[in-house]
Amino acid sequence: MDVAAFAGFAAAGPVDVPVAVEDAVRFRDVFGGDVDLARDGVTGAPVTSRLGPAVEAFFANGGRRCWVVRTADRASMATARFPVGGLLRATPDPCAWRLAELDARSPGSWAGDLRISAILRSRPLAARPGGLRDGRLALIAAPGVVAGDLLRITPAGSAAAIYAPVKSLVREPAGPVALLGAAIRVETVTLACAELDIADRLDAGGGTPIGARLQDGVLLVPVGEPIAPGDLLSLTLGDGTVVAQAGAPAPAEPGDDDGWSRLALTAAWRLTPGAGDCDGGEPPLVEQLTLDLLVWRDEAVIARLADLGLAPGHPRFWRDLPDDEALFGTLANLPGVATGGTGIVSAPRLPAALWSEAALPRFPLAAAGDDDGPWLPLGVPIAPRAQDGERPSAWLDESGAEAATEPLARDGLARFSPELFVDAALADSGVDRLDTQVRELAYMARAPRRLRGIHSLYPIAEIALIAVPDAAHRGWQRVAVERPPVLGAPVLSLEGTLARWTAVDGATVYVLEESAAPGFAAPVVLVQGTMLSFDVGEDSCAGRRWFRVRARSGPWSNTVDLLAGDGFDTCCRAPDPVELEIVADDEDDAVQLSWCTSGEGGYELQVSTDPAFGFVDDTVTTSVNRVRYELDRDVTHYARVRPAGVAPWSNTVIVLARPTSIWTLAPLDAQSPTGDLLAVQRALLRMCAAREERAFAVLALPPDAREAEAAAHVAALLPPAGVAAFDPGRGGVRPLDNGEAGALSYGALYHPWVIESGPALRVVPPDGAATGKIAGRTLSRGAWIAPANDPLDGVIGLDPERAGVDPAVLAGLAINPLMTDPRGVIVNGAHTLSLERELEAIGVRRLLTLLRRLVLRDGVTLVFEPNRPQLRDQVARRLETLLSRMFARGAFAGETEAQAFRVRTGDALNPPTSVDEGRFVAEIQVAPSRPMAFITVRLTLVENGPATLLETA
């Protein structure tokens, strides 16, 4: 009765798959941090998800175990996909070669700042002379060799290596023999004189053509091609196709075309199916290959899995890494849990050791696609390097198509509605039909499917408390943000000693500077003002003078110079400096820059977010005059270039920040300000009342609810007093009707919101702390003890905006008010929403739920017993023993057991006609510890049917 469940928004974790957690650390390990949802349009304060704080408050207040389900719009979510550099899926057909990939373990933008890399491990194995023949490798010893191992076999004196997976290992008198699968011969080749026909950049989809050429073993690619060191390339030569690995940029050669970049090739291999035999006298070199996967954030490794297999059948095959849905769906044994959104999991193959290691702590990656391999680590390095880390190459939706790039859409939270929390197929189900519809949907349908939202918690019998802290959000909307205008750079020219510059829109003051060096290490301000020209005058000392101008707070112009000789008549201009321009600005994260050439020796490109280049964010040295530069398009950047060495800077070009918008809280709906919250709470109350094991809903009001709003919310939860017009409700969840009034006893409201301590103070709904306090009281004293008048741990005060709400008014509305007293913040009430006086106390409601669970647990074992007088006596004894124990712990009122409870199984309840129909009825009357009339619980057993329980006051 102390196990809780929470549903809401999280950065990571499986969607619609409950996960059992037993401390706050494990919650964060699986579900990550809080999600940034929006900004308060009035205060500017960030609005974040409330699931995390609620779970942390639950454990802080005495809870020990809870189930957590992440809710989101699956259709809009996106999962990050990462390439695994250097790991190749090789087949006999070179057109089918492709790079390995891994997905983030769950969808969401949380994986956007991760990078992944792999390193190769090799362990030598001792082979016997003539070791490889007919797919059989004779070894002296085979410690640690298992099926699925990938072996690299290098015959003595050979430049080629054979990669082959182990199918099985047999023991023979002479020693172990590894039976090998399909092998691939890999020969290192040189490309110094090779002629290139076709070049493809290998990726997960196979090959992407690039217009490259070979020149003396150096690869020339067009400027702007996204080829990076470490990339694998498929090169079609005159004598076949090879795999090559791109290296570092190669220095430019005199006469090189400016439109090409030069890349060294670190290695090239020719792949041939088949192994051949190694039957010479000297044994081959044999290595057992495994893979380590590393996950980076910034320059630190945050996760690592070692010794992974490279071929199917290995107990630690890297492609057996599970995503969150498969892992936690299997652990929870839930119905209809699909893997990858493609099908139903039925008796999955569980690599227990790998899954256990990947589960705790949760490894961030999972296998992508369905290609088993084997995989060749041709370009995988042997030591970890941060620069090898690969960022996400794609964001994919459930179907594998390219998905949205907006972070909130990737999280499935771009639109707030009840559909995020409620299974659409069950939204209009009443209490009387919900259980049947759940069973049909999740178990009995031809294609069972997982339940969504809060309804995914339905099959977990141990759950006794449920809270949905994120239901109290009021939604958000996207609002365009006007960026401040950006001043341009003027164009400066000299006519003799007269400096002229073009006007800049929005500029009022210009600053002209002079320097004796083109780098302007010690500039002198010549003039400031509104003018557009200025005579710089003659310098009596021979030498070169440099000038630049800008609008105040804007970027600098191009640099011009003046050479002074014996007099004014000898003044002349030096050659124009490099002229920079943006030639392509159509990418989300990059621009292409080009400039005219002014000589040899390379160029220095500077990029800064400061228009005056008071600091430089990045410096790029290049031998070509065209580059593709990646940058954050949310910020305006400035770029300039000059020839290497002491030379004047070019004009400044401006890469404007993209138009942007932010998410802000949506205005309240004047007609139904809490309509979304009402829909979720109605669905939750129905679910708690319909479950065979029952549960209790811990509910909260919106943060800004005062007395009038609280009264309106409670009134909207109650069934209508008379005949009401049809109301479909938000999200298809209609209001409770009069036949469902009993569901109100399965929930309680708490208000106002509270301030919790932590890394930062935060205002949160009280449902997390209240749920933890109920669970803690249940563990220490029993489910029937009123969960009130006990200070909440981790809570330092009430929301100052709502602290003045009158507790007496809230209590009169059956809302449990939170108050401050010398001990801290307490819950000053323990009332359900029930309209029946006998069930208005939370302790009574939960006592009856406990009794129901215990009676049903025993009743199930009696369903197939013959309905004879002995059965009546047996049931009576069992129930009396159970109730006696509960009485001893203080669950019931009365000084004696006779005053506390009664058990009836006699002929009045079981007449012959009822017995003949295979029905047996037992009636229990209990007096809860709060003084009131007896409450009757009737257990009915039907031959070959389910046990049922009915409560009456």
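Residues numbered from 1 in each chain as written. Predicted model: local features only at pLDDT ≥ 70, side-chain atom pairs only at ≥ 80, totals over all residues. Heavy atoms only, no water.

- Going by what an unreviewed UniProt entry lists, the protein chain is known as Tail sheath protein C-terminal domain-containing protein and is assigned to Solirubrobacter ginsenosidimutans.

## Structural notes on the overall build of the protein chain
Thought 1: Summing up its helical and strand segments, the protein chain has 14 helices and 54 strands in all.
Thought 2: Residues classed as buried in the protein chain amount to 53% of the 953 residues present.
Thought 3: In the protein chain, of all internal contacts separated by at least 6 residues, the share reaching a separation of at least 24 is 68%. (Helix = DSSP H or I, 4+ residues; strand = E, 2+ residues; numbered from the N terminus. Buried < 20%, exposed > 50% of the residue type's maximum accessible area, 1.4 Å probe, protein only. Contact = heavy atoms within 4.5 Å.)

## Things to note about the environment of Asp 298
Thought 1: Among the secondary structure elements, Asp 298 is positioned in the loop between strand E22 (285–297) and strand E23 (300–308).
Thought 2: Residue Asp 298 is classed as exposed on the basis of its relative accessible area, which comes to 60%.
Thought 3: Placed 88 residues apart in sequence, Asp 298 and Ala 386 show a C-alpha to C-alpha distance of 8.3 Å.

## Here we look at the pairing of strand E41 (residues 637–643)
Thought 1: For E41, the buried fraction is high: 7 of the 7 residues fall into the buried class.
Thought 2: Covered by surrounding structure in E41 are His 637, Ala 639, Val 641 and Pro 643 together with Tyr 638, Arg 640 and Arg 642, the residues of both alternating faces.
Thought 3: In the sheet, strand E38 (residues 603–608) pairs with E41 via 6 bridges, with the strands oriented antiparallel. Bridge pairing in E41 places Val 607 opposite Ala 639.
Thought 4: Pairing of E41 with strand E42 (residues 653–655), which is carried by 3 bridges, proceeds in the antiparallel orientation. (Pairing = 2+ DSSP bridges.)

## Regarding empty space enclosed by the protein
Regions of empty space are outlined by a rolling probe, equal in size to a water molecule, passed over the atoms.
Thought 1: Enumeration according to the criterion identifies 7 cavities of 30 Å³ or more in this entry.
Thought 2: Empty space within the largest cavity amounts to approximately 80 Å³.
Thought 3: Lining of the largest cavity is provided by 13 residues; of these, Val 468, Gln 681, Leu 699, Ala 700 and Asp 767 occupy positions nearest its centre.
Thought 4: Those elements that provide at least two residues to the lining of the largest cavity are helix H7 (675–690) and strand E44 (696–700).
Thought 5: When residues in the lining of the largest cavity are grouped by element, the largest group, 4 residues, is from H7.
Thought 6: Classifying every residue of the lining of the largest cavity by side-chain character gives 11 nonpolar, 1 polar and 1 charged. (1 Å grid on protein atoms, 1.4 Å probe; cavity = no way out; pocket = protein on both sides within 12 Å on 5 of 7 lines; lining within 4 Å. Points joined across faces, edges and corners; volume = space filled by probe spheres on them. Nonpolar A, V, L, I, M, F, W, Y, C, P; charged D, E, K, R; others polar.)

## Topic: the pattern of salt bridges
Thought 1: All told, the structure shown has 42 salt bridges when counted by the stated rule.
Thought 2: The salt bridge involving Glu 101 is made with Arg 81; its shortest N-O contact spans 3.7 Å. Placement of Glu 101 in strand E7 (residues 98–104) and of Arg 81 in strand E6 (residues 79–89) is noted, with a sequence separation of 20 residues between them.
Thought 3: Overall, Glu 101 belongs to the buried group, its relative accessible area being 12%.
Thought 4: Owing to a relative accessible area of 18%, Arg 81 belongs among the buried residues under this scheme.
Thought 5: The residue Arg 628 makes a salt bridge to Glu 630 at a minimum N-O spacing of 3.1 Å.
Thought 6: Judged by relative accessible area, Glu 630 falls into the exposed class, the value being 52%.
Thought 7: A single network of salt bridges, built from pairs that share partners, joins Arg 28, Asp 34, Glu 56, Glu 756 and Arg 762. (Salt bridge = Lys/Arg side-chain N within 4 Å of Asp/Glu carboxyl O.)

## Section: the packing of aromatic side chains
Each aromatic ring pair is summarised here by two numbers: the centre-to-centre distance and the angle between the ring planes.
Thought 1: Tallying each qualifying case throughout the model produces 12 aromatic pairs.
Thought 2: Ring centres of Phe 416 and Phe 421 lie 6.0 Å apart, and the angle between their planes is 70°; on these two criteria the pair is classed as edge-to-face. Summarising the burial analysis for this pair, Phe 416 and Phe 421 share the class buried.
Thought 3: Among the aromatic side chains, those forming a connected cluster through ring pairs are Phe 9, Phe 416, Phe 421 and Trp 476.
Thought 4: Over the ring of Trp 649 we find Arg 640, and its NZ or CZ is 4.3 Å from the ring centre. (Phe/Tyr/Trp six-rings, centres within 6.5 Å; stacked < 30°, edge-to-face > 60°. Lys NZ or Arg CZ within 6 Å of the ring centre and 35° of its normal.)

## Things to note about helix H2 (residues 51–60)
Thought 1: Burial within H2 is extensive, with 8 of its 10 residues counted as buried.
Thought 2: Three or more residues of H2 are buried, namely Leu 51, Gly 52, Pro 53, Ala 54, Val 55, Ala 57, Phe 58 and Phe 59.
Thought 3: A positive backbone phi angle near 115° is found at Gly 62, which sits one or two residues after H2.

## What to know about helix H3 (residues 324–332)
Thought 1: Burial analysis of H3 places 7 of its 9 residues in the buried class, the great majority of the element.
Thought 2: Taken as a whole, H3 has its buried residues at Asp 324, Glu 325, Ala 326, Leu 327, Phe 328, Gly 329 and Ala 332.

## Thoughts on the side chain of Thr 290
Thought 1: With respect to the secondary-structure elements, Thr 290 resides in strand E22.
Thought 2: Within the structure, Thr 290 has its side chain in polar contact with the side chain of Asp 307 (distance 3.4 Å).
Thought 3: Those residues in contact with Thr 290, other than ones at most four positions away along the chain, are Ile 119, Leu 120, Arg 121, Asp 307, Leu 308 and Leu 310. (Polar contact = N/O pair within 3.5 Å; in protein donor to acceptor, adjacent residues only side chain to side chain.)

## As for the sheet that holds strand E39 (residues 618–622)
Adjacent strands of a sheet form backbone hydrogen bonds with each other and so pair up, either parallel or antiparallel.
Thought 1: In space, the 4 strands of this open sheet follow the order E39-E38-E41-E42, with antiparallel pairing throughout. Of all strands in the sheet, those bounded by a partner on one side alone are E39 and E42. For this sheet, the mean angle separating the axes of adjacent strands, direction not counted, is 25°.
Thought 2: Bridge count for E38 against E39 is 5 bridges, and the pairing is antiparallel. In the sheet register, Glu 604 faces E39, and the bridge partner there is Thr 621. (Axes fitted to C-alpha atoms, helices over the stretch in contact; angles between N-to-C directions.)

## Quick word on a nonpolar patch on the surface
Thought 1: There is a patch of nonpolar side chains on the surface, built from Val 479, Val 481 and Ile 662 and spanning about 190 Å² of accessible area.
Thought 2: Here Val 479 shows up in strand E28 (residues 476–481). (Patch = residues over 30% accessible without salt bridge, like charges linked within 9 Å, V, L, I, M, F, W, Y side chains within 5 Å. Areas by Shrake-Rupley, 256 points an atom, 1.4 Å probe, with all protein chains shown as cover.)

## Thoughts on the sheet that holds strand E33 (residues 533–535)
Thought 1: Strand order in the open sheet formed by 3 strands is E29-E30-E33, and the pairing between neighbours is antiparallel. A single partner strand is all that each edge strand has here, and the edge strands are strand E29 (492–495) and E33. Averaged over all pairs of adjacent strands, the angle between strand axes in this sheet comes to 20°, irrespective of strand direction.

## Section: the packing of helix H6 (residues 431–444) against H7
Thought 1: In the contact formed by H6 and H7, the axes pass within 9 Å of each other and the chain directions differ by 75°. Put simply, H6 runs roughly perpendicular to H7. For the pair H6 and H7, contact is made by Val 431, Leu 434 and Asp 435 and by Arg 686, Met 687, Ala 689 and Ala 690, respectively.
Thought 2: Looking at the contact of H6 with H7 residue by residue, the class counts come to 5 nonpolar, no polar and 2 charged. (Parallel < 35°, antiparallel > 145°, perpendicular 65-115°, else oblique.)

## Points about the confidence of the model for the protein chain
Thought 1: When pLDDT is averaged along the protein chain, the result is 85, and 89% of the positions lie at 70 or above.
Thought 2: Low pLDDT (under 50) marks residues 338–348, which in the prediction has 19 contacts with non-local residues, meaning those over four places away or in another chain.
Thought 3: Contacts for the low-pLDDT stretch residues 566–575, under 50 throughout, to residues beyond four places or in other chains number 16 contacts. (pLDDT = per-residue confidence, 0-100.)

## Looking at unusual backbone geometry
Thought 1: Between Leu 360 and the following residue, Pro 361, the backbone shows a cis peptide bond with an omega angle of -5°.
Thought 2: Summarising the element assignment, Pro 361 is placed in the loop between helix H4 (352–359) and strand E24 (365–367).
Thought 3: Cis geometry is adopted by the peptide bond preceding Pro 752, which originates at His 751 and carries an omega value of 0°.
Thought 4: Structurally, the position occupied by Pro 752 is in the loop between strand E45 (747–751) and strand E46 (754–756).
Thought 5: In the Ramachandran plot, Asp 298 falls in the positive-phi region, its phi being about 60° despite a non-glycine side chain.

## A few points about the environment of Ala 367
Thought 1: By secondary structure assignment, the location of Ala 367 is in strand E24.
Thought 2: Expressed as a C-alpha distance, the spacing of Ala 367 and Trp 318, which sit 49 residues apart in the sequence, is 7.3 Å.
Thought 3: Ignoring anything within four residues of it in the chain, the contact list for Ala 367 reads Leu 102, Asp 103, Trp 318, Arg 319 and Leu 321.

## Quick look at the pairing of E7
Thought 1: Across the 7 residues of E7, 7 count as buried, placing the element largely inside the fold.
Thought 2: Relative to E7, E6 runs antiparallel, the two sharing 6 bridges. Counterpart to Pro 83 in the pairing with E7 is Glu 101.
Thought 3: Where E7 and E24 come together, 3 bridges link them in antiparallel fashion.

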